[in-house]
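Descriptive structure summary
Here is how the chains run, residue by residue.
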2 protein chains.
Amino acid sequence: MNSKKSFAVGIDLGATTIKAGVVEKNGSIPDQFSVDSKANKGPKMVIQQIIFTIQELFGRHKPSECAGIGIGTPGLVSIDSGTVQHPPNFVDWGTVDITKEVRKAFKMPVFVENDANCAAIAEARYGAGIEFKDFLFVIWGTGVGGGIIIDRKIFRGPHGGAGEIGHISIDYNGRLCNCGNYGCIESYVGQRYLSQRTKEILTSAKDGLHTKLEQLVDGNLNKLNPEIISQAAEEGDQTAIGVLEEAGELLGCALASILNVLDLRVVVIGGGISAAPAFVYESIITSLRSRILKPHKEGVRVIRAKLGNKAGIVGAASLVL
Amino acid sequence: MNSKKSFAVGIDLGATTIKAGVVEKNGSIPDQFSVDSKANKGPKMVIQQIIFTIQELFGRHKPSECAGIGIGTPGLVSIDSGTVQHPPNFVDWGTVDITKEVRKAFKMPVFVENDANCAAIAEARYGAGIEFKDFLFVIWGTGVGGGIIIDRKIFRGPHGGAGEIGHISIDYNGRLCNCGNYGCIESYVGQRYLSQRTKEILTSAKDGLHTKLEQLVDGNLNKLNPEIISQAAEEGDQTAIGVLEEAGELLGCALASILNVLDLRVVVIGGGISAAPAFVYESIITSLRSRILKPHKEGVRVIRAKLGNKAGIVGAASLVL
């Protein structure tokens, strides 16, 4: 970053919300702002919303001190062309040149990158990955995604799509995934599956278990979500513990395959479900250690991400900084 | 390579045989030579054998015209230190600095690299990969290994061990692999498994099938190997066709996971079993296409390697050339 410039703008574009922040060189976010992304109204509207959030921040912080704008987005991002393809849950979106549109509105450098990659970059620079030159970043939430950090830089792959670890199949005859493949790890440990699996176990228990879990959702099992499952587990609920342990074990299995291929040893886990209790991490690492190739076992670590949901904004701004 | 030098020496170190060749800049091998690697006698003896083969070649070709020596070896190779760790089937071998020993004997540049990576480099420069900037190279033989070519260069990973694709698990509850993990693709499609599976099917057929396959091995099912199975398949033997089709389908499943993570589209298959009939490639590609992520489907290709068992020598020499 030009040393005269004191900040960059980071945009975390989601299907529901656009989060934008003023990010300083040390990774701190002195000012942050969110709007509805209006993803159901098509790309023009989404771009208007992005421009609006930036204008809002520039009303409070001098644009002349801004080094540039970084945008993290779902979908397949072409770094060369600055385009974004098929972000899930964005309506009427084929291939859109976000970079060009935002550059037109603000005469400054604009960069765009996949959101999982942004979060990986943020953890590498400012978060749990600082001490590791190479690691796999995992987003464990609604879906399972990832970013590959090699030599402190993101490994994008030839077309910018590397790191799609949610679609490693752990069972070729397994569950049908949304992507059309069978047995993808996402279809076992993603948010929806965890809730559904817990519900199934509770429902199938003949006498009703009257568990902690059921109390936490007032008997309405449709309210189950990973936070509640985690909370119940921490309070000793055996069903919740079982579901999360199993998820950790399966995630460890997928991670072993990935680390074997990429020659990595360290995994940093972010995303909503990464807030799970420590025993889940134990479960992941035990499974991973027992399955990874012998020469890779040494130094295997699985750690929790540090930046939480700020990773998106910070990582996007890092594209500039 | 120094333009005055006309060739490099490529060494393909195997647990049974050391193959050495004089390799010219265009990838041709005007002279080639093999000796027993004596891997059961420890690293000192193996290094003696390597040095002996090089001396033999230098008796026939001027060392002053040799740009250097490249060595492809099994095991984990550290490019920085030039050491080789734990090559399977080499006795008493912890970590050995092959590079230093060979450099001591011949005053010229010496490079060492993993054998699968060497073969991948050879196919990238002189073989089936010439037209592709990025591809996954697969060695399909006794085991399943690989090399990752990104932007025409080998992707080694942080510790030089990237590309261990044989230990992607396709079933976390599946077959126990030699490596200790369950469901590794190697334990489904490696040479031994293919032969064993074929034998099982033939043995379990109550009345005796009197198949082409049984004729080819004179009724001795222990003689089954992938070449014979391939031959029987080409002659219409249904058991052989079934086994190979299934292997292709499973390999396609593992490849889908790997290509998703690495963002690759092209697979080049070498190794002994790559000589299998064309329908096996059809089976791989059908499975891969049906399982890979949608944005990756376009441009997916699976092709046969071109250099056969010369790839090791040529790739090793390429480290110098």
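Further up the page is the structure itself.
All values reported here derive from a predicted model rather than from experimental measurement. All chains use their own residue numbering, which begins from 1 and follows the written sequence. The naming scheme follows written order: chains are lettered A onward, ligands numbered 1 onward. Where local features are concerned, this predicted model is filtered to residues with pLDDT of at least 70; where side-chain atom pairs are given and counted, the filter is 80 or more; whole-chain, interface and lining totals use all residues. Computation of side-chain values: all heavy atoms of the structure, hydrogens and water removed.

Remarks on the overall build of chain A
Put simply, DSSP H or I for four residues or longer makes a helix, DSSP E for two residues or longer makes a strand, and each gets a number counted from the N terminus. On a plain count of helices and strands, chain A comes out with 11 helices and 13 strands. Compactness check: chain A gives a C-alpha radius of gyration of 20 Å against a globular reference of 20 Å for 321 residues, within 12% of the reference. With the C-alpha coordinates of chain A rotated into their principal frame, the extents come out at 65 × 50 × 35 Å. For chain A, the proportion of its 321 residues judged to be buried stands at 59%. Should any heavy atoms of two residues lie within 4.5 Å, those residues are counted as being in contact. Looking at chain A alone, contacts between residues at least 24 apart form 61% of all its contacts between residues at least 6 apart. Here chain A holds 34 positive side-chain charges and 33 negative ones, and the gap between their average locations is 6 Å. The globule rule used for comparison is 2.2 Å times the number of residues to the exponent 0.38, while the radius of gyration itself is calculated over C-alpha atoms. Here's how the labels work: a residue is buried when its accessible area is under 20% of the maximum for its type, exposed when over 50%, partly exposed in between, all with a 1.4 Å probe on protein chains only. Counting rule for charge: Lys and Arg are taken as positive, Asp and Glu as negative, and neither His nor the chain ends is counted. Where a charge sits is defined by one atom per residue type, namely NZ (Lys), CZ (Arg), CG (Asp) or CD (Glu).

Some words on the sheet that holds strand E10 (residues 144–150) of chain A
Residues and elements named next belong to chain A. Criterion used throughout: strands pair if DSSP finds at least two bridges between them. The strand order E11-E10-E9-E12-E13 describes an open sheet built from 5 strands, whose pairing is mixed. On the outer flanks of this sheet lie strand E11 (153–154) and strand E13 (301–304), each paired with one strand and no other. As judged from the 6 bridges shared by strand E9 (residues 135–140) and E10, these two strands associate in the antiparallel manner. Residue pairing in the sheet places Leu136 in a bridge with Ile148 of E10. Think of each axis as a best-fit line through the C-alpha atoms, taken over the contacting stretch in the case of a helix, with angles from 0 to 180 degrees between the N-to-C directions. Contacts from helix H3 (residues 115–126) reach E9, E10, E11 and strand E12 (266–270) within the one sheet, and its direction differs from that of E9 by about 125 degrees. Sheet strands touched by helix H8 (residues 238–262): E9, E10 and E12. Its angle to E9, the strand with the most contacts, is close to 145 degrees.

Points about the interface of chain B and chain A
Between chain B and chain A, the residue contacts involve 40 residues of the former and 40 residues of the latter. Regarding the contact of chain B and chain A, the summed buried area is about 3,400 Å², with carbon and sulfur atoms giving 61% of it. When two parts are put together, the accessible area they lose, computed with a 1.4 Å probe and summed over both, is reported as buried area. For the chain B face of the interface with chain A, the top three residues by lost area are Tyr172, Val261 and Arg291 of chain B, together amounting to 21%. When a carboxyl oxygen of Asp or Glu is within 4 Å of a side-chain nitrogen of Lys or Arg, the pair counts as a salt bridge. Across the chain B-chain A interface, the total number found is 0 salt bridges. Of all elements in the fold, only strand E10 (144–150), helix H8 (238–262) and helix H9 (278–291) of chain B reach the threshold of two or more residues within the side of chain B that touches chain A. Per element, the largest residue contribution to the side of chain B that touches chain A is 7 residues, and it comes from H8 of chain B. Of the residues assigned to the side of chain B that touches chain A, the class counts are 21 nonpolar, 12 polar and 7 charged. Only Asp, Glu, Lys and Arg are considered charged in this grouping, and only Ala, Val, Leu, Ile, Met, Phe, Trp, Tyr, Cys and Pro are considered nonpolar; every other residue, Gly among them, is considered polar.

Digging into the packing of aromatic side chains
Residue and element names in this part refer to chain B. Aromatic contacts are taken between Phe, Tyr and Trp rings whose centres are within 6.5 Å, Trp giving its six-membered ring; a plane angle under 30 degrees counts as stacked, one over 60 as edge-to-face, and the others as tilted. Scanning the entire structure with this criterion turns up 11 aromatic pairs over all chains. An angle of 80 degrees between the planes, with centres 5.5 Å apart, marks the rings of Phe58 and Phe106 as edge-to-face. Taken together, the residues span a long stretch of sequence, with Phe58 in helix H1 (residues 43–60) and Phe106 in the loop between helix H2 (98–105) and strand E8 (110–114) at a distance of 48 residues. A relative accessible area of 12% places Phe58 in the buried class.

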